[in-house]
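The lines below spell out each chain.
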Amino acid sequence: MIPSNSLKQLKQRFNGRLIGPHDAGYDKARLVWNGMIDRKPALIAQCREVQDVVSCIVFARENDLRVAVRGGGHSVAGHGTCDHGLVIDLSALRGVHVDPQTGVGQCGGGATWADVDGATQPFGLATPGGRSVGYGNRRLDAGWRARHLRNLYGLSCDNLLAAEVVTADGRVVQASEQQNHDLLWGLRAAGVTSVSSPGWTTACTRWVPPSCSSRCFTTGRAPARRCASTGTSTA
Ligand SMILES: Cc1cc2nc3c(=O)[nH]c(=O)nc-3n(C[C@H](O)[C@H](O)[C@H](O)COP(=O)(O)OP(=O)(O)OC[C@H]3O[C@@H](n4cnc5c(N)ncnc54)[C@H](O)[C@@H]3O)c2cc1C
């Protein structure tokens, strides 16, 4: 049970949407990709900016709440949600910006591969990702993306250049080759086990992969129109 005065304070500093069990849209907001997962969080915080994530971390610590970070919500085991705790939902942080000159893209922690592919393909660029377009990019950085790009350019995690991270004590830090290099290494190597570990509540809100191919490849439901306009075929 979250104390009402604590929730009131969070509402004052939170710019996204807070959804509790008695609010409209709760059942829709708690859905994840795997329909067999039926968890009921005490609060779902749909963040709109980095500071919202910080507010959530501070709030969870103050109220001793379990935390689940939700990126794309595609984890089969339902790691993006939890019972009776706080879901830090990044699905609204899904903007993707691609610089075709440098071949570097930036995207929000809630962006899915459909978002990333949709932003890179108009430039004829791509970066290694997953086989489906529904899952979030952050967790997949720790894994691998199948098909063509992996063989040419390595794993998704190999292409992660930098990340903006909210730490478990509510600090916003940059992880790159120049700053907090060990954290970048950890983000590249981390699996779901470390995410589930108590006290590990880092939320990655931005990542910077190099777009690494002059050709694009699409996976599953990626927009065929954009792919066609770059003159490449759908895989
Ligand atoms: C049909 C299918 C195909 C798949 N294919 C592949 C594949 O080809 N390659 C592959 O590597 N994996 C694959 N997966 C696994 C999938 O990539 C993982 O389940 C991944 O965790 C999904 O990412 P998500 O952001 O959608 O996860 P979510 O369900 O949102 O979260 C999963 C975990 O990641 C954490 N997390 C998510 N976003 C953040 C963030 N921004 N900051 C901190 N923690 C975060 C969550 O707290 C949680 O612990 C597949 C899964 C399915 C169901």
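Here's a quick rundown of the structure. (Residues numbered from 1 in each chain as written. Predicted model: local features only at pLDDT ≥ 70, side-chain atom pairs only at ≥ 80, totals over all residues.)

**Focus: the nonpolar core**
Under the convention used in this document: The nonpolar core criterion groups buried Ala, Val, Leu, Ile, Met, Phe, Trp, Tyr and Cys residues into a set whenever they are joined through C-beta atoms within 7 Å. Three exposure classes are used, based on other C-beta atoms lying within 10 Å of a residue's own C-beta, which is placed from the backbone: buried for 20 or more, exposed for 12 or fewer, and partly exposed in between. Counting from the N terminus, the helices are the DSSP runs of H or I reaching at least four residues and the strands are the DSSP runs of E reaching at least two. Each domain's extent was defined by an automatic or database domain assignment.
Ranked by internal contacts, the top residues of the largest apolar core, which has 30 residues, are Ala45, Cys47, Cys56, Leu86, Val87, Ile88 and Ala163. Sorting the residues of this core by element identifies β2 (43-46), α3 (50-62), β3 (67-70), β4 (86-89), β7 (163-166) and α7 (181-189) as the ones contributing at least two each. Looking at this core element by element, the count peaks at five residues for α3. Looking at which domains feed residues into this core, each of domain 1 (4-89) and domain 2 (96-229) supplies at least three. Counting residues in hydrophobic clusters, the runner-up holds 10 residues, among them Cys107, Ala114, Leu125 and Ala126.

**Details of the pairing of strand β5 (residues 96-99)**
For clarity, the cut-off: At least two DSSP bridges between two strands are required for those strands to pair.
Bridge count for β5 against strand β6 (residues 104-108) is four bridges, and the pairing is antiparallel. Bridging across to β6, His97 finds its partner in Gln106. Linking β5 to β6, which pair antiparallel, is a turn of four residues; within it Gly103 sits at a positive phi near 70°.

**Points about the packing of helix α1 (residues 4-13) against α3**
Here is the rule we go by: Angles shown run from 0 to 180 degrees and are taken between the N-to-C directions of axes, each axis being a line fitted to C-alpha atoms and, for helices, limited to the stretch in contact. The scheme is simple: roughly parallel for angles under 35 degrees, roughly antiparallel for over 145, roughly perpendicular for 65 to 115, oblique for anything else. What counts as a contact is two residues whose backbone-derived C-beta atoms lie within 7 Å of each other. All amino acids are sorted into three groups, where Ala, Val, Leu, Ile, Met, Phe, Trp, Tyr, Cys and Pro are nonpolar, Asp, Glu, Lys and Arg are charged, and the leftover types, Gly among them, are polar.
Two elements in contact, α1 and α3, have axes separated by 10 Å at closest approach and are oriented at 170°. Classified by the angle their axes make, α1 and α3 are roughly antiparallel. Touching Ser6, Leu10 and Arg13 of α1 are Ser55, Phe59 and Glu62, all from α3. Among the residues making up the contact of α1 with α3, the classes are represented as two nonpolar, two polar and two charged.

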